[in-house]
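Spelled out, the chains give:
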Amino acid sequence: MHCKDWEERLALHVGGDLPADESSAVERHLAVCSGCQVLWSGMKQSLELLQGAHAEPLPPASYTAVRGRVLAELAVGRRTWWRWAAALAALAALLLVWPERRVPPLPPVALAHPPRPPVYQPSHGRKGVAPGHKSKPAPRQPLLVRLVTDDPDIVIYWIAD
Amino acid sequence: MALAILAMAEAAESPQAQLGLIEAAKAGDLAAFETLMRQHERSVLVTAYRLLGSLPDAQDVSQEVFLKLYRNLGKVDASGNLAGWLYRVTANACHDVRRRKRPATPMEFAEDLRAVGPDPQQVSTEAERRRVLEMSLRMLPEKERAALVLRDLEGLSTEEVARALGSSEATVRSQISKARVKVRGFVEGYFRSR
């Protein structure tokens, strides 16, 4: 049997990964095969070198950074959750205040567009617009929806861009 | 005093204490969750570092793993094996990172080669050992690397490695033996060429 045939078992034996019977067979072979002894000790030394290097600690700051990032993200998530909870509570409060019994007919909806501001057009001493010059469109005004309930004390405004 | 601190640390890592921390964290106690993180951050970050070969990537993976832990505290609680769960999630997250961005940037370990001790001889030896470790791991195929890191560097049993990597024990044994043979060849070649 060539040393190559023992390679896999030697590699497992180095890390103590062989069952007892196979392990003792490897040891018997090692006692008589100088080639496998070299292979085995080479694997053992390289493994020990790797384990020694692996045991060296990483800089503590690298752990602190990860911990800080995780805790910050969890805190943000929690704040968001509280914001949602507060919004839901406000909505629930609004629904409680809503005069449900007096609402059977739908409230009238009034749409109101505020008047557009006058657009400034420079004259430059001549009438009309210079070729190639496009006048800027007036800035869009937000849409204002006013919901009037039949309770004069409650008026709801909805403003949308 | 030192012994008392050691005993306290061990008590804090007992299964009951850990279960208590998980329960507290589930109830929203962030300090309890931070303690859990402190107990397991070394294994998560170092494993990710060995698997990816880049500290920033390993930190990103660690962050992802601990956020996942927070969201899955209930499942971990039921499985009763937090360390095993963390190794599995870390290995999976590293696999995803490697799939997304390959190949690994070479020589991003320059900062690790800096002097860390007063004895120049010791410094060069330590730096060289780190370099050999990183280069050996880098030349291994992903699965062999993962098996070697978990079995030989992190000290998990073959069964635990198989569970973490989602494969059979026979496959893990085969991967480990191949990896050990390759590492030996690399290490001997490295020192012979110097």
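Each residue is numbered by its place in its chain's sequence as written, counting from 1. Numbering of ligands from 1 and lettering of chains from A proceed in the order in which they are written. Per-residue local features of the predicted model are confined to residues with pLDDT of at least 70, and side-chain atom pairs are confined, for both listing and counting, to 80 or more; whole-chain, interface and lining totals are unaffected and use all residues.

**Student:** How would you summarise the overall build of chain A if you had to cite specific residues and measurements?
**Tutor:** In terms of regular secondary structure, chain A is built from four helices and three strands. Going along the chain from the N terminus, every DSSP run of H or I of four or more residues is numbered as a helix, and every run of E of two or more is numbered as a strand. Shown N-terminal to C-terminal, the secondary structure of chain A runs as helices and strands in the order α-α-α-α-β-β-β. Any residue with 12 or fewer other C-beta atoms within 10 Å of its own C-beta is exposed, any with 20 or more is buried, and the rest are partly exposed; the C-beta atoms used are placed from the backbone. For chain A, the proportion of its 161 residues judged to be buried stands at 12%. It is the C-beta atoms, placed from the backbone, that decide contacts: two residues are in contact if theirs lie within 7 Å. Contacts in chain A between residues at least 24 apart in sequence constitute 56% of all its contacts with a sequence separation of at least 6.

**Student:** Could you give an account of the nonpolar core, naming the residues involved and the relevant values?
**Tutor:** Residue and element names in this part refer to chain B. If you look at the biggest cluster of nonpolar residues, it comprises 63 residues, and the most contacted ones within it are A48 and A147. At 10 residues, the largest contribution of residues to this core is made by helix 3 (residues 30-52). Every residue in contact with A147, bar those within four places of it in the chain, is listed here: V161, L165, V172, Q175, I176 and A179. By convention in this section, buried Ala, Val, Leu, Ile, Met, Phe, Trp, Tyr and Cys residues joined through C-beta atoms within 7 Å make up a nonpolar core.

**Student:** Tell me what's going on with the pairing of strand 3 (residues 155-160) of chain A, and back it up with residues and numbers.
**Tutor:** Residues and elements named next belong to chain A. The buried count for strand 3 comes to zero of six residues, which makes it a mostly uncovered element. Pairing between strands is defined by DSSP: at least two bridges between the two strands are required. Where strand 2 (residues 143-148) lies against strand 3, six bridges are found, and the strand directions are antiparallel. Bridge pairing links V145 to W158 in strand 3. Counted between consecutive antiparallel strands, the loop separating strand 2 from strand 3 contains six residues.

**Student:** So, the interface of chain B and chain A: which residues are in play, and what are the values?
**Tutor:** Each side of the interface is counted separately: chain B has 34 residues, and chain A has 29 residues. Per element, the largest residue contribution to the side of chain B that touches chain A is nine residues, and it comes from helix 10 (residues 169-192) of chain B. Polar here means any residue other than Ala, Val, Leu, Ile, Met, Phe, Trp, Tyr, Cys and Pro, which are nonpolar, and Asp, Glu, Lys and Arg, which are charged; Gly is therefore polar. Residues that form the side of chain B that touches chain A fall into these classes: 16 nonpolar, six polar and 12 charged.

**Student:** So what's going on with the confidence of the model for chain A? Which residues, and what values?
**Tutor:** Of the residues in chain A, 69% reach a pLDDT of 70 or more, and the chain-wide mean stands at 79. Mean pLDDT values over the elements of chain A span from 58, in strand 1 (residues 109-112) of chain A, up to 94, in helix 2 (residues 20-32) of chain A. The score called pLDDT rates the predictor's confidence residue by residue, from a low of 0 to a high of 100.

**Student:** Got a sec to walk through the environment of I176 of chain B? Specific residues and values, please.
**Tutor:** All names here are of chain B. Looking at the element boundaries, I176 is found in helix 10. By C-beta crowding, I176 is classed as buried, having 24 other C-beta atoms within 10 Å. The spacing of I176 and K143 is 33 residues in sequence and 9.2 Å in space, taken between C-alpha atoms.

**Student:** Outline helix 3 of chain B, supporting the account with residue identities and numerical values.
**Tutor:** Because an α-helix packs 3.6 residues into every turn, residues spaced three or four apart end up facing the same way. Residues and elements named next belong to chain B. In this analysis, the expected span of each helix is defined as 1.5 Å times one less than the number of residues it contains. Taking 1.5 Å as the rise per residue, helix 3 with 23 residues should run 33 Å; its terminal C-alpha atoms sit only 29 Å apart, a clear shortfall. Two axes define the bend at a residue: one fitted to the seven residues ending there, one fitted to the seven starting there, and the bend is the angle between them. Maximum bend of helix 3: about 55°, positioned at H40. In the stretch just after helix 3, G53 is the one whose phi turns positive, near 75°.

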